[in-house]
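For reference, the chains in residue letters:
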Amino acid sequence: MAGILFIISAPSGSGKSTLVSELRKQVSSVEFAISWTTRAPRGSEEHGREYNFTTREEFQRMLSEGVFLEHAEVFGKFYGTARQSLEDARAAGHDLILDIDVQGAAQVRAKMPEAVSIFVMPPNPRALRTRLRNRSRAEGVVDDEEVFRRLNAARREIENYREYGYILVNDILDRAVAQLEAIVLSERYYRNGEVIAYRSRRVLEVAAACLQTNSQERIKPVLEAFGILNSSSQQQFDFKKDSEEENSDEDSEDNGEDTDDN
Ligand code: ADP
Ligand code: 5GP
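Residues numbered from 1 in each chain as written. Chains lettered and ligands numbered in written order. Predicted model: local features only at pLDDT ≥ 70, side-chain atom pairs only at ≥ 80, totals over all residues. Heavy atoms only, no water.

A. Expanded view of the site of ligand 2. Of all residues adjacent to ligand 2, which total 18 residues, the nearest are Ser 35, Arg 39, Tyr 51, Tyr 79 and Asp 99. Within the contact set of ligand 2, an oxygen atom lies 3.3 Å away from a side-chain nitrogen or oxygen of Ser 12. Arg 42 places a polar side-chain atom, nitrogen or oxygen, 3.2 Å from an oxygen atom of ligand 2. Surface burial for ligand 2 is 97%, taken as the share of its 510 Å² of free accessible area covered by protein chains. Counting only elements with at least two residues in the shell around ligand 2, the list comes to β5 (68-74) and β6 (77-82). (Near = heavy atom within 4 Å. Polar contact = N/O pair within 3.5 Å; in protein donor to acceptor, adjacent residues only side chain to side chain. Areas by Shrake-Rupley, 256 points an atom, 1.4 Å probe, with all protein chains shown as cover. Helix = DSSP H or I, 4+ residues; strand = E, 2+ residues; numbered from the N terminus.)

Here you go:
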């Protein structure tokens, strides 16, 4: 079988690593391309597991040698996918997931238009801020500047959602995992004729509902909350004001709605 290439992009902190790792527990034969990066390891990250960590000099050398299928500078650090990841997955007949930013996704789509692309959105800016902060705390660092930088970048990244075939809103984790699983299984079904057991009809429906062309109503509140769609009915999240707020809230997602923010 020719493996399917899945591209998954999302603003940092939206939960795509979590989704991919949950997916890989449920679905076999899905490889994850371990990217190269010049950023430092975070928390419990290990070289060769989450990323291959390297220096700028080494990254530049690899770049000049044509090692990378795609690469991009994100938050002042370089990230790249080695062509070898694709070759290894192909040789094993496995599907491959690339967790890459919107710039890298555009490069891969240009080279491989058959790739399946998925954009993951957080439900709203406040939930994203909470996830970024909680992750920083879990990693033993609290860097509100970094959280603010990533929060601000999120809006610009979400603006690219139209370039993606599927959209997931990672609100309730279990539901988003089931949707991601449905997308993978339904692509296998349509492209490879792979049987998806008795649940097949439901799986195909769930995946079809996540097609970008069928997602307008579902993503409208997210776009409004990030100030991408104008709405008179919903107040937008004030990124600056909110990031400067005292950390008086307990960063619970229970109050993830941002309508009461201003
Ligand atoms: P990304 O890979 O997109 O940067 P992560 O997978 O590291 O994001 O998730 C960021 C944080 O949000 C993590 O602490 C993770 O446990 C948490 N998280 C992920 N999905 C959800 C969800 N649906 N609800 C609440 N928290 C989530
Ligand atoms: P983080 O530092 O939070 O792990 O990732 C920051 C951003 O870099 C995320 O949007 C992530 O998808 C992206 N990224 C990770 N690996 C790669 C890669 O190999 N190529 C590109 N273009 N982006 C990557």
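B. Expanded view of the sheet that holds strand β9 (residues 166-169). On the basis of which strands lie adjacent, the open sheet formed by 5 strands has the order β2-β7-β1-β8-β9 and parallel pairing. Strands with a single pairing partner mark the edges of an open sheet, and in this sheet they are β2 (30-32) and β9. Across the sheet, the mean angle from the axis of one strand to that of its neighbour is 25 degrees, orientation sign disregarded. Across the face of the sheet, helix α1 (residues 16-26) comes into contact with β1 (5-9), β2, β7 (95-99), β8 (116-121) and β9 while running at roughly 145 degrees to β2. (Pairing = 2+ DSSP bridges. Axes fitted to C-alpha atoms, helices over the stretch in contact; angles between N-to-C directions. Contact = heavy atoms within 4.5 Å.)

C. Just the site of ligand 1, in detail. In the region of ligand 1, 14 residues are neighbours, and Gly 13, Ser 17, Thr 18, Arg 135 and Asn 170 sit closest. Interatomic distance of 2.6 Å between a side-chain N/O atom of Thr 18 and an oxygen atom of ligand 1. With respect to ligand 1, the side chain of Arg 131 contributes an N or O atom lying 3.3 Å from a nitrogen atom. If ligand 1 stood free it would expose 570 Å²; the protein chains cover 77% of that surface. Looking at which element gives the most residues to the shell around ligand 1, the answer is α1, with 3 residues. Taken together, the residues of the shell around ligand 1 break down into 2 nonpolar, 7 polar and 5 charged. (Nonpolar A, V, L, I, M, F, W, Y, C, P; charged D, E, K, R; others polar.)

D. Summary view of the pattern of salt bridges. Evaluation of the coordinates by the stated rule reveals 15 salt bridges. Put simply, Glu 224 and Lys 220 hold a salt bridge, and the shortest N to O gap is 3.9 Å. One end of the pair is Glu 224 and the other is Lys 220, both in helix α9 (residues 216-225) and 4 residues apart, which spans about a single turn. Taking the relative accessible area as the measure of exposure, Glu 224 reaches 10% and is therefore buried. Judged by its relative accessible area of 36%, Lys 220 falls in the partly exposed class. Because the salt bridges share partners, they merge into one network encompassing Arg 39, Arg 42 and Glu 45. (Salt bridge = Lys/Arg side-chain N within 4 Å of Asp/Glu carboxyl O. Buried < 20%, exposed > 50% of the residue type's maximum accessible area, 1.4 Å probe, protein only.)

E. Seen up close, the environment of Asp 99. Assignment of secondary structure puts Asp 99 in strand β7. Asp 99 sits 19 residues away from Ile 118 along the chain, and the two C-alpha atoms are 9.8 Å apart. If we ignore the near neighbours within four places in the chain, the residues touching Asp 99 are Ile 8, Lys 16, Ser 17, Phe 32 and Ser 35.

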